[in-house]
Amino acid sequence: MRMKISVFGLGYVGCVSAACLAARGHEVIGVDVNQTKIDLINGGRTPVVEERIGELVAETVDSGALRATADVAEAVASTEISLVCVGTPSAPNGSLSTVYLERVSEEIGRALAGRGDRHTVVFRSTMLPGTCEGLLIPILERSSGMTAGADFGVAVNPEFLREGTSVRDFFDPPKTVIGESDPAAGDMVAALYEGLPGDVFRVPIPVAEMTKYADNSFHGLKIAFANELGAICQALGLDSHRVMDVFLADRKLNISPAYLRPGFAFGGSCLPKDLRGLVYAARRADVSVPLLSHILPSNDDHLRRAFELVTASGRRKVGMFGLSFKPGTDDLRESPLVELAERLIGKGYDLRVYDANVSLSRLMGANREYIEERLPHLGDLLTDSAEDVLAHAEVCVVGSKEPEVQAALAAAGDRPIVDLVRLPDAEARRAHPGYVGLGW
């Protein structure tokens, strides 16, 4: 389906989006305040340096599929969908500047005023969650005198283009994300990319805004991780690339979805111990590893969040479901649930615990030594019945998804529930005023 599109902002994202959409057969008008960029586009030349972009601009301008203007009203009047690709630069304190987004929203809103047919405004610019619904939609509504989702559509469609390969990335995207004010707006955006590879996610607008930050934060995390590992390997006389070749070959745990679902703090006999050991080795080699050295403090902060959620309930009788560091095991060594229990007892909370896999009589070796040191009175806290723990509890702390735990919680009534594992019915429970998820 051939569509008429206006693209606001002719920098990297806007220029590439405009040229690629025009190359896909759409009729595109680029809009910018910079007359030099406008003249370059209309002359069949690109304002940005990028692989393949020069030929695409020349071809699409020559065919009449792409042109540029400074006239916002004419561009909006001539098109059915507008893509906003203006910059959102950082201030020195890290805050996001939305001045260009606000200005363009005001201009588009005025151009929409009194328009008879429906127009869809799509924000491609990177912006923090809440910016569109809390700032930009009110500007569009105020300046147009119309209502978003009814009189015009709004969507957030973040881009995942890398400078240097952005044209290739446009035609071969890893995914397409569409946050929509209403289904009709989402349908318009989806039609722009029909036939391109990758999964399509149609989500609430704030979720779409957040996805770009999740991606870029993880990319930065990966680079910093690899560089810190490289610094340690170099100091120890190792070839870091050989180490990472082995690391990258593991597609089951390392390069995979494993460990990337928000949940409770990690624990166990390996991760904390080995992180401490690696950071110690780096320190001995006089290598600074700020990322690696802050993983355990970050983990402890997450445990603290759970503790504060329990104390915020104002209840003193706590029922804890789950104690081992991983479901299906009885390993209590450095279990964050044991640490949470210890902190609650230390603050005078009346605690009862249920874990089907933990029996004091079965604990042996290092496991028994650990629990005798951290929770010497565990036998007084443990029960063999999830229902008994629920009967004791004024507030429930859920660290297990075992069927018997879920069955007991079905009778929790109006008790506050602190969910550390994201129960299968978490979405439904979120409507309950006493339910709180640790990271969702």
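Residues numbered from 1 in each chain as written. Predicted model: local features only at pLDDT ≥ 70, side-chain atom pairs only at ≥ 80, totals over all residues. Heavy atoms only, no water.

For the chain, the name recorded in an unreviewed UniProt entry is UDP-glucose 6-dehydrogenase, with Planobispora longispora as its organism. Listed under Sequence similarities (unreviewed entry) in UniProt, the entry text for the chain is "Belongs to the UDP-glucose/GDP-mannose dehydrogenase family." UniProt lists a comment for the chain under the heading Pathway (unreviewed entry), and it reads "Nucleotide-sugar biosynthesis; UDP-alpha-D-glucuronate biosynthesis; UDP-alpha-D-glucuronate from UDP-alpha-D-glucose: step 1/1." (UniProt positions renumbered as here; feature names shortened; annotations may be inferred.)

### Thoughts on the pattern of salt bridges
The final tally for this structure, using the stated rule, is 21 salt bridges. Among the salt bridges present, the one from Asp117 reaches Arg115, with a minimum N-O distance of 2.7 Å. On the basis of relative accessible area, Asp117 is assigned to the partly exposed category, the value being 46%. Overall, the relative accessible area of 16% leaves Arg115 in the buried class. Across the pair Asp350 and Arg352 runs a salt bridge whose closest N-O atoms are separated by 3.1 Å. With a relative accessible area of 27%, Arg352 lands in the partly exposed category. (Salt bridge = Lys/Arg side-chain N within 4 Å of Asp/Glu carboxyl O. Buried < 20%, exposed > 50% of the residue type's maximum accessible area, 1.4 Å probe, protein only.)

### Considerations on the environment of Glu74
Mapped onto the elements of the fold, Glu74 is located in helix α4 (residues 72–77). Taking the C-alpha atoms as reference points, Glu74 and Ile29, separated by 45 residues in sequence, lie 9.6 Å from one another. Sequence-distant contacts of Glu74, that is, excluding residues within four places in its chain, are made with Ile29, Arg67 and Thr69. For Glu74, the side chain forms a polar contact with the side chain of Arg67, separated by 2.7 Å. (Helix = DSSP H or I, 4+ residues; strand = E, 2+ residues; numbered from the N terminus. Contact = heavy atoms within 4.5 Å. Polar contact = N/O pair within 3.5 Å; in protein donor to acceptor, adjacent residues only side chain to side chain.)

### So, the environment of Val13
Among the structural elements, Val13 can be located in helix α1 (residues 12–23). For the pair Val13 and Val84, spaced 71 residues apart in sequence, the C-alpha separation works out to 9.6 Å. Every residue in contact with Val13, bar those within four places of it in the chain, is listed here: Cys85 and Glu159.

### A few points about the UniProt feature "binding site: NAD(+)" (unreviewed entry) in the chain
Summarizing the sequence annotation, UniProt attributes the feature "binding site: NAD(+)" (unreviewed entry) to Asp32, Lys37, Thr88, Thr126, Glu163, Lys273 and Arg333 in the numbering used throughout. What stands out for the annotated residues spanning 302 residues is how far apart their C-alpha atoms range, the widest pair being 62.2 Å apart. Mapped onto the elements, Thr88 comes out in the loop between β4 (81–84) and α5 (99–112). Aside from chain neighbours lying at most four places away, what touches Thr88 is Leu96, Ser97, Leu101, Ser125 and Thr126. A polar atom in the side chain of Thr88 sits 2.7 Å from the backbone oxygen of Thr126. Following the sequence through the fold, Lys273 ends up in helix α11 (residues 271–284).

### Looking at the pairing of strand β5 (residues 120–123)
The side-chain alternation of β5 yields two buried faces, one formed by Thr120 and Val122 and the other by Val121 and Phe123. Relative to β5, β4 is paired through four bridges, and the arrangement is parallel. Bridged to Val84 within β5 is Phe123. Read from β4 through α5 to β5, the crossover connection turns out right-handed. Looking at chain direction, β5 and strand β6 (residues 153–156) are connected through four bridges and run parallel. What sits directly across from Phe123, in β6, is Val156. Following the chain from β5 across helix α6 (residues 131–144) to the adjacent parallel β6, one finds a crossover that is right-handed. (Pairing = 2+ DSSP bridges. Right-handed = clockwise from strand over helix to strand, strands pointing away.)

### Quick word on the packing of aromatic side chains
The description of an aromatic ring pair rests on the distance of the ring centres and on the angle between the ring planes. Scanning all chains against the criterion turns up three aromatic pairs. The interplanar angle of 80 degrees and the centroid separation of 5.5 Å between the aromatic rings of Phe170 and Phe171 together place this pair among those described as edge-to-face. What makes Phe170 buried here is its relative accessible area of 4%. What makes Phe171 partly exposed here is its relative accessible area of 24%. Taken together, Phe170, Phe171 and Tyr193 form an aromatic cluster joined through their ring pairs. Positioned over the ring face of Tyr349 is Arg316, at 3.9 Å from the centre of the ring. (Phe/Tyr/Trp six-rings, centres within 6.5 Å; stacked < 30°, edge-to-face > 60°. Lys NZ or Arg CZ within 6 Å of the ring centre and 35° of its normal.)

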